[in-house]
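Coordinate inspection notes
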There are 2 protein chains.
Amino acid sequence: MANRGPNKRGVETRGKLLVAGMAEFHARGFSATGVDVIAKTAEVPKGSFYNFFESKNAFAAEVVDLYFERHQVKLRQCFEDKSQSALSRLRNYFEERIEFFRSIGCVRGCMMANLSIETADHVDVMRLRLAENFNSWSGVFADALREARHTGESKSTANPEVLADFILNSWEGAILRMRVEQSVKPLEDAKAFIFGILMPN
Amino acid sequence: MANRGPNKRGVETRGKLLVAGMAEFHARGFSATGVDVIAKTAEVPKGSFYNFFESKNAFAAEVVDLYFERHQVKLRQCFEDKSQSALSRLRNYFEERIEFFRSIGCVRGCMMANLSIETADHVDVMRLRLAENFNSWSGVFADALREARHTGESKSTANPEVLADFILNSWEGAILRMRVEQSVKPLEDAKAFIFGILMPN
């Protein structure tokens with residue numbers, strides 16, 4: 001029991017660093033964000049960072065998991081709503097994301113995509129976490145596509161897993177272009193073409 | 001005439017810096033690459049960088065133009081080959097890119113996409129150059145799509161400009177995922193789905 005206080009404080013400090021790192025990596029990028037900035041944002045002494053994480057890379061791999069854990073809450077909100085058809089759930093997800101990006105001015109994009117571009121070639125521990133989380137994300141789409149095909153709502157005869165990956169990658173590409181254009185039009189167009197594949201005229 | 005020597009040397013130094021910056025930004029990223037590294041790679045004194053460029057951002061905007069100028073050579077090789085049908089030219093372009101990325105081990109990706117992610121929110125001079133070059137690139141696809149629709153080769157009734165943007169964005173998303181997966185499968189799948197839209201069974 002004597003250690004309970006310090007351990008609890010340690011868990012809190014660790015959590016604060018991860019939340020701060022997520023915000024800073026998302027807003028400024030991985031290379032542009034130093035450990036000192038993360039510690040300052042988290043309001044913890046810089047020296048304590050390395051008590052909890054062996055390196056910035058190991059830390060960032062955990063930030064990726066935290067980010068995707070939070071995104072999974074949003075995915076569940078959309079995709080577990082069985083009062084909607086499978087493709088309506090997918091459409092609701094896209095529409096919610098479009099409204100979100102419109103509301104924040106088309107900035108920041110997807111932190112997982114951003115970190116992929118900055119680190120995939122150089123940091124295997126991050127690349128593997130990114131790969132795993134992209135696969136989980138795509139799996140949520142694939143479940144909906146499988147159901148939509150089963151009920152006849154989707155007319156696509158493509159393998160649901162492969163189609164789900166294409167949809168996720170196309171969506172990430174549209175988010176990238178959104179930031180360059182400062183407009184949600186690429187997202188609106190991606191949604192329309194994706195539904196053109198699923199529900200052709 | 002007295003100034004000709006120094007001017008010529010100046011032009012050469014400037015060009016060396018741009019080529020070095022392109023290689024370093026592509027391999028390591030924008031934030032991870034300092035001006036000192038660029039000058040070292042270019043084998044010019046660090047101090048001379050600011051004789052030619054007012055800032056790293058202004059320099060990077062010119063690097064974007066140089067990169068896209070070089071990519072346009074490749075685009076022209078594929079899309080000006082009128083011995084091929086319009087959609088064959090698009091297919092050849094994708095296949096050439098897939099072989100290229102396979103040959104280098106699925107790394108680096110597209111420098112324009114990489115710089116978009118790192119700078120679009122923060123550096124307007126770069127965002128605007130990226131937007132303009134993405135639009136030119138998409139325009140090359142749109143010309144082929146317009147021709148393919150005219151000849152009946154493409155069955156898509158979508159606006160060629162909007163479809164071209166979707167194709168380019170989906171391709172960029174597939175390149176991003178390629179780096180995470182260390183596999184060209186996302187590119188192969190993107191090609192197949194894009195041709196599924198253009199030439200449905």
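Residues numbered from 1 in each chain as written. Chains lettered and ligands numbered in written order. Predicted model: local features only at pLDDT ≥ 70, side-chain atom pairs only at ≥ 80, totals over all residues.

What about the domain arrangement of chain A?
Residues and elements named next belong to chain A. Spelled out, the test is: Residue ranges for the domains trace back to a domain assignment, done automatically or taken from a database. C-beta atoms are first placed from the backbone for all residues, and any pair lying within 7 Å is then listed as a contact. Under the convention adopted here, Pro, Cys and the residues Ala, Val, Leu, Ile, Met, Phe, Trp and Tyr are nonpolar, Asp, Glu, Lys and Arg are charged, and Gly plus all remaining residues are polar.
Here chain A is partitioned into domain 1 (1–53) and domain 2 (57–198). Using C-alpha coordinates to define each centre, domain 1 is positioned 28 Å away from domain 2. In this complex, domain 1 contributes 10 residues to the contact, which on the side of domain 2 involves 13 residues. Looking at the side of domain 1 that touches domain 2 residue by residue, the class counts come to 6 nonpolar, 4 polar and no charged.

Section: the relation of the copies chain A and chain B
Quick reminder of the rule: Least-squares superposition of the copies uses the C-alpha atoms of those residues scoring a pLDDT of at least 70 in each of them.
Laying chain A over chain B is done by rotating through 180 degrees and shifting 0.0 Å along the axis; what remains is an RMSD of 0.0 Å. Within this description, the copies of the chain are treated as partners about a two-fold rotation axis. Comparing interface residues between copies, 100% of those in chain A also lie at the interface in chain B; the contact surface is shared.

Digging into the packing of helix H7 (residues 124–151) of chain B against helix H8 (residues 160–181) of chain B
Residues and elements named next belong to chain B. For the record, the criterion: Note on method: axes are straight lines fitted to C-alpha atoms, helices fitted across the in-contact stretch only, with angles between N-to-C directions ranging 0 to 180 degrees. Runs of H or I in DSSP of at least four residues are treated as helices and runs of E of at least two as strands, each being numbered from the N terminus. Throughout this description, any angle smaller than 35 degrees is read as roughly parallel, any larger than 145 degrees as roughly antiparallel, any in the 65 to 115 degree range as roughly perpendicular, and the remainder as oblique. Should the near helix be turned anticlockwise from the far one by less than a right angle, the crossing is termed left-handed; should it be turned clockwise, right-handed.
Running from N to C, H7 and H8 point in directions that differ by 125 degrees, and their axes come no closer than 8 Å. Classified by the interaxial angle, the pair formed by H7 and H8 is oblique. Between H7 and H8 lies a crossing whose hand is right-handed. Touching Phe 134, Trp 137, Ser 138, Phe 141, Ala 142, Leu 145, Arg 146 and Arg 149 of H7 are Pro 160, Glu 161, Leu 163, Ala 164, Asp 165, Ile 167 and Leu 168, all from H8. Among the residues making up the contact of H7 with H8, the classes are represented as 10 nonpolar, 1 polar and 4 charged.

A closer look at the environment of A:Arg127
Turning to its location among the elements, A:Arg127 is positioned in helix H7 (residues 124–151). As for A:Arg127 and A:Arg89, which are separated by 38 residues in sequence, their C-alpha atoms are 29 Å apart. Once you skip the residues sitting within four places of it in the chain, A:Arg127 turns out to touch A:Thr119, A:Ala120 and B:Val180.

A closer look at the packing of H8(B) against helix H9 (residues 185–198) of chain B
All names here are of chain B. Close contact between H8 and H9 brings their axes to 7 Å; oriented N to C, the two are set at 155 degrees. Taken as axis vectors, H8 and H9 run roughly antiparallel relative to one another. In this structure, H8 meets H9 at a crossing whose hand is right-handed. Together, Ile 167, Ser 170, Trp 171, Ala 174, Ile 175, Arg 177, Met 178 and Glu 181 of H8 and Lys 185, Pro 186, Leu 187, Ala 190 and Ile 194 of H9 make up the contact between the two elements. Here the residues of the contact of H8 with H9 sort into 9 nonpolar, 1 polar and 3 charged.

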